[in-house]
Protein chains: 2
Amino acid sequence: MDSNRYRVCVVGLGSMGMGAARSCIAAGLATYGIDLNPAACQALREAGAEDGGADGLAFAGDLDAVLLLVVNAAQCRDALFGPRGIAPKLRPGAGVMVSSTISAADSRALAAELQAMGLLMLDAPVSGGAAKAGAGEMTVMAAGPRAAFDRLRPVLDAVAGKVYEVGEEIGLGATVKIVHQLLAGVHIAAGAEAMALAARAGIPLDTMYEVVTHAAGNSWMFENRMKHVVDGDYTPHSAVDIFVKDLRLVTETALSLNFPLPLASTAYAMFANASNAGFGREDDAAVIKTFAGIDLPGVRRG
Amino acid sequence: MDSNRYRVCVVGLGSMGMGAARSCIAAGLATYGIDLNPAACQALREAGAEDGGADGLAFAGDLDAVLLLVVNAAQCRDALFGPRGIAPKLRPGAGVMVSSTISAADSRALAAELQAMGLLMLDAPVSGGAAKAGAGEMTVMAAGPRAAFDRLRPVLDAVAGKVYEVGEEIGLGATVKIVHQLLAGVHIAAGAEAMALAARAGIPLDTMYEVVTHAAGNSWMFENRMKHVVDGDYTPHSAVDIFVKDLRLVTETALSLNFPLPLASTAYAMFANASNAGFGREDDAAVIKTFAGIDLPGVRRG
């Protein structure tokens, strides 16, 4: 082991985590991975990682940094403080970059526990999708103490195309991500609603897609996700259930602030309904399938 | 009068109509204008128009084409068939391009009356804003018979960056525009809702704007309109009342198709509420002012 290399472990080797880990390898960092899926660990080792497995007990003591890209706050907590959690084995002063989408309250709770163990946490959610993760060009919205930014700088440099330093207060990064997800979720649901209306009105969906993507009604999500509707392909890039989770976080955040969100609350209801209808693991564009009385490309009605 | 030049009259010299008329002049068409506002007519004459005034009775008989860019269906009807309406004076075979945002039913009714007078109508709403109108680069979504496309080709070439031929059936163009406005309106309201939540959560709005405009939560409308919120500048480029009108058209279209629009209905309520609160003539970004309990740049609460 080259003792001078910066050593980072990515926890959660899904589409985002795997991309981020590959970006760390490409940047020359000594990279480790943790995931319950052996195939993902094997793939990462073949891509040049030092080690990878279901837990990090074998190498945790050597790490400079941990990057968490698991699905939710419960998984963050388990990865850090669970029975085979990594936090107690980390060296004092190691950096923990929490990039999962979680609430500001959960972010503050994790930071307090990590601080008590002498560890530095960055509240650093990401955006950009799997392609940007693999290219080392994620957008990172980060909050935390200066020392945490400094400790995690090599990881930020490896995985991020752009780092927004939102402030020093833990929780601000989480909240910025949640506000962002409000827009992302509403835009997918609005795209589905618009394409459903077009289908009902007898407008060819490929024409509608072409017009919108060349006019002021476009959104990043419309352009990306409504292509799946036009193609009738609901292979999950990001699943309906992810937005059930994220829009629930949006709604909980608004409740904690005593603030009304008329559109996001409606979009949450649309995704929850889609999940309950059995589309939870399909691509999030499948929220359009909850509109009855229309014909869609590639969709057979039961 | 050079009898070989193609002669077009633009009716409605607001920001879109004036831009389109200037594009016709720039393309070498003999251009006329009709508007109740004498200053607008004067400005168009100074820009090189042949003539302009409150009605077109003096030159209607010479025209090859009319381009309607008034605010709504009632104004279209008045401009064509009212006491000083232009339609009865037009030569048989002249083309009428209806580019106002109106319902499919109104579009079909206008086409029937024009056809009975021997005139060719194109159902051809536009998008792109005043800047694109002035540059001759509007997006046009057009439906109508082949003969109408042919007759109006010089106008389409002059004003459009892109022409989507939606079909031959009058009303399809109007419906495509209405579906587009569903997205545009929901995106403005969603942007306002997200920025309001950010303000409530203590996130600097300029930071929030920067993050969203560089991530997957972005939309054309967020990027364009939420800048006005960040700057605290509600000078109307497009007013709240325009989206009250357009989202009412969206809602009426859905009612006529017996189709639910959970998000668009909610967005309509938000714009109607903003108009009733006294913000109808402000920039449409002023829909954010209906969220109470937040501080916004440049906004003093009464």
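What counts as what
- Residues numbered from 1 in each chain as written.
- Chains lettered and ligands numbered in written order.
- Predicted model: local features only at pLDDT ≥ 70, side-chain atom pairs only at ≥ 80, totals over all residues.
- Heavy atoms only, no water.
- Pairing = 2+ DSSP bridges.
- Helix = DSSP H or I, 4+ residues; strand = E, 2+ residues; numbered from the N terminus.
- Right-handed = clockwise from strand over helix to strand, strands pointing away.
- Phe/Tyr/Trp six-rings, centres within 6.5 Å; stacked < 30°, edge-to-face > 60°.
- Buried < 20%, exposed > 50% of the residue type's maximum accessible area, 1.4 Å probe, protein only.
- Contact = heavy atoms within 4.5 Å.
- Buried area = accessible area lost by both parts, 1.4 Å probe.
- Salt bridge = Lys/Arg side-chain N within 4 Å of Asp/Glu carboxyl O.
- Polar contact = N/O pair within 3.5 Å; in protein donor to acceptor, adjacent residues only side chain to side chain.
- Nonpolar A, V, L, I, M, F, W, Y, C, P; charged D, E, K, R; others polar.
- Least-squares fit on C-alpha atoms with pLDDT ≥ 70 in both.
- Domains from an automatic or database assignment.
- Core = buried A, V, L, I, M, F, W, Y, C linked by side-chain atoms within 4.5 Å.
- Axes fitted to C-alpha atoms, helices over the stretch in contact; angles between N-to-C directions.
- Parallel < 35°, antiparallel > 145°, perpendicular 65-115°, else oblique.
- Left-handed = near helix turned anticlockwise from the far one by under 90°.
- UniProt positions renumbered as here; feature names shortened; annotations may be inferred.
- Expected span 1.5 Å × (residues − 1).

Asker: What's the story with the pairing of strand β9 (residues 160–167) of chain B in this structure? I'm lost.
Answerer: All names here are of chain B. The pairing of strand β8 (residues 138–143) with β9 spans 6 bridges and is classified as parallel. Across the sheet, the residue bridging to A143 is G167, located in β9. Crossover β8 to β9 through helix α6 (residues 146–159) is right-handed.

Asker: Sorry if this is basic, but what is going on with the packing of aromatic side chains here?
Answerer: Think of a pair of aromatic rings as described by two things: how far the centres are apart, and how the planes are tilted against each other in angle. Residue and element names in this part refer to chain A. Enumeration according to the criterion identifies 8 aromatic pairs over all chains in this entry. Centroid distance Y209 to F222: 5.9 Å. Interplanar angle 20 degrees. Geometry classified as stacked. With a gap of 13 residues between them, Y209 in helix α9 (residues 205–213) and F222 in helix α10 (residues 220–231) connect regions that are remote in the sequence. With respect to burial, Y209 and F222 carry one shared label: buried.

Asker: Please explain the interface of chain A and chain B as it appears in this structure.
Answerer: By convention, interface size is frequently given as the accessible area that disappears when the constituent parts associate. Taken residue by residue, the interface counts 55 residues in chain A and 55 residues in chain B. Summed over the three residues of chain A that lose the most area to chain B, namely L197(A), F259(A) and L263(A), the buried surface amounts to 15% of that side. The tally of links between chain A and chain B comes to 0 salt bridges. Our count for the contact surface shared by chain A and chain B stands at 20 residue pairs in polar contact (both at pLDDT 80 or more). Per-element accounting of the side of chain A that touches chain B gives the leading share, 19 residues, to helix α8 (residues 172–200) of chain A. Classifying every residue of the side of chain A that touches chain B by side-chain character gives 38 nonpolar, 14 polar and 3 charged.

Asker: Sorry, what's going on with the relation of the copies chain A and chain B here?
Answerer: Each of the two chain copies goes to the other by way of a rotation about an axis and a shift along it. By a simple turn and slide, chain A fits onto chain B: the slide is 0.0 Å along the axis, the RMSD is 0.1 Å, and the turn is 180 degrees. As the rotation angle and translation indicate, the two copies are arranged about a two-fold axis. For chain A, the residue whose C-alpha comes nearest the rotation axis is S219(A), separated from it by 1.9 Å. Mapped onto chain B, 98% of the interface residues of chain A are again interface residues, and the two copies thus contact each other with one and the same surface.

Asker: It is not clear to me how the domain arrangement of chain A should be interpreted in this structure. Could you clarify?
Answerer: Residue and element names in this part refer to chain A. Its domain assignment divides chain A into domain 1 (7–168) and domain 2 (175–290). Using C-alpha coordinates to define each centre, domain 1 is positioned 28 Å away from domain 2. Taken residue by residue, the interface counts 11 residues in domain 1 and 9 residues in domain 2. Surface buried jointly by domain 1 and domain 2 totals about 860 Å² across both partners, of which 67% is contributed by carbon and sulfur atoms. Summed over the three residues of domain 1 that lose the most area to domain 2, namely V71, T101 and M141, the buried surface amounts to 46% of that side. Counting across the interface, domain 1 meets domain 2 through 0 salt bridges. Across the contact surface, domain 1 and domain 2 share 4 residue pairs in polar contact (both at pLDDT 80 or more). Grouping the constituent residues of the side of domain 1 that touches domain 2 by class yields 7 nonpolar, 4 polar and no charged.

Asker: Please explain the nonpolar core as it appears in this structure.
Answerer: In this structure, M195(A), F271(A), I288(A), L296(A), M195(B), F271(B) and I288(B) are the most contacted members of the largest nonpolar core, which totals 116 residues. By residue number, the principal contributor to this core is α8(A), which donates 18 residues. Once residues lying within four places of it in the same chain are set aside, the contact partners of I288(A) are A192(A), M195(A), A196(A), V229(A), Y234(A) and L296(A).

Asker: Is there a simple way to think about the packing of α8(A) against helix α8 (residues 205–213) of chain B in this case?
Answerer: To describe two helices that pack against each other, one gives the angle between their axes and the distance between the axes. α8(B) packs onto α8(A) with a crossing angle of 55 degrees between their chain directions and a minimal axis gap of 10 Å. Classified by the interaxial angle, the pair formed by α8(A) and α8(B) is oblique. Judged by the sense of rotation from one axis to the other, the crossing of α8(A) with α8(B) is right-handed. Residue-level contacts link V176(A), V179(A), H180(A) and L183(A) of α8(A) to M208(B), V211(B) and V212(B) of α8(B).

Asker: Whenever I open this one, the side chain of T213(B) confuses me. Can you help?
Answerer: All names here are of chain B. Its place among the elements puts T213 in helix α8. One polar contact links the side chain of T213 to the main-chain carbonyl oxygen of E210, over a distance of 3.2 Å. Only 3.5 Å separates the side chain of T213 from the side chain of H214, close enough to count as a polar contact.

Asker: So what exactly am I meant to see when it comes to the UniProt feature "active site" (unreviewed entry) in chain A here?
Answerer: Residues and elements named next belong to chain A. With numbering aligned to this structure, UniProt lists the feature "active site" (unreviewed entry) at K177. Here K177 lies in helix α8. A polar side-chain atom of K177 sits 2.6 Å from a polar atom in the side chain of T101.

Asker: Is there a simple way to explain helix α10 (residues 240–256) of chain B in this structure?
Answerer: Each α-helix winds once per 3.6 residues, and so residues spaced three or four apart point in a common direction. Along its 17 residues, α10(B) runs 24 Å from first to last C-alpha, staying within 8% of the 24 Å computed at 1.5 Å per residue. Burial in α10(B) covers these residues: V240(B), F243(B), V244(B), K245(B), D246(B), L247(B), L249(B), V250(B), T253(B) and A254(B). Against α8 of chain A together with α7 (172–200), α9 (220–231) and α11 (262–279) of chain B lie the buried residues of α10(B). N258(B) occupies a position one or two residues after α10(B) and carries a positive phi of about 55 degrees.

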